[in-house]
Amino acid sequence: MRNIFRKIAIVLIISNCSAGESSFFMSEEESKEVFNILNKRQKSPESSLKELFVSGIFYVDETNWTIWINDIPYSSIGQQKDFSIDAVSESGVYLTSLDGSSIFLSVLVK
């Protein structure tokens, strides 16, 4: 639901900025500032997933495991600081960013 409101706000801001008309609620400068903030928020979680790597997996079964993401150990499914751990297997881990994009990461071999 939150993403829907964000997309609607972006569409309204883009239409206001591109048409050169001022917003009913905000000035043109305020509209551009909001657009820039929303644009940065949408890009940052996705790029943060690209900066993650799995440095190790100790896997016993679906409920007993430890994974190391960026050399930090995690042992539970769910929301972490900047991402959510969705599933863990012997070969890798499924993560979701704050903006809803998902990625599968396998162990990084150095």
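For clarity, every value in this text was computed on a predicted model and none was experimentally measured.

### A word on the packing of aromatic side chains
Part 1: In this structure the tally under the stated criterion is two aromatic pairs.
Part 2: Ring geometry for Tyr74 and Phe83: centres 5.6 Å apart, planes at 75°, overall edge-to-face.
Part 3: Judged by relative accessible area, which is 16%, Tyr74 ranks as buried.
Part 4: With a relative accessible area of 5%, Phe83 lands in the buried category.
Part 5: Here Tyr94 and Phe104 contribute two aromatic rings whose centre-to-centre distance is 4.7 Å and whose plane-to-plane angle is 50°, an arrangement assigned as tilted. Of this pair, Tyr94 sits in strand β6 (residues 92-97) while Phe104 sits in strand β7 (residues 102-106), and the two are 10 residues apart along the sequence.
Part 6: Overall, the relative accessible area of 37% leaves Phe104 in the partly exposed class.

About the thresholds
Residues numbered from 1 in each chain as written. Predicted model: local features only at pLDDT ≥ 70, side-chain atom pairs only at ≥ 80, totals over all residues. Heavy atoms only, no water. Phe/Tyr/Trp six-rings, centres within 6.5 Å; stacked < 30°, edge-to-face > 60°. Buried < 20%, exposed > 50% of the residue type's maximum accessible area, 1.4 Å probe, protein only. Helix = DSSP H or I, 4+ residues; strand = E, 2+ residues; numbered from the N terminus.

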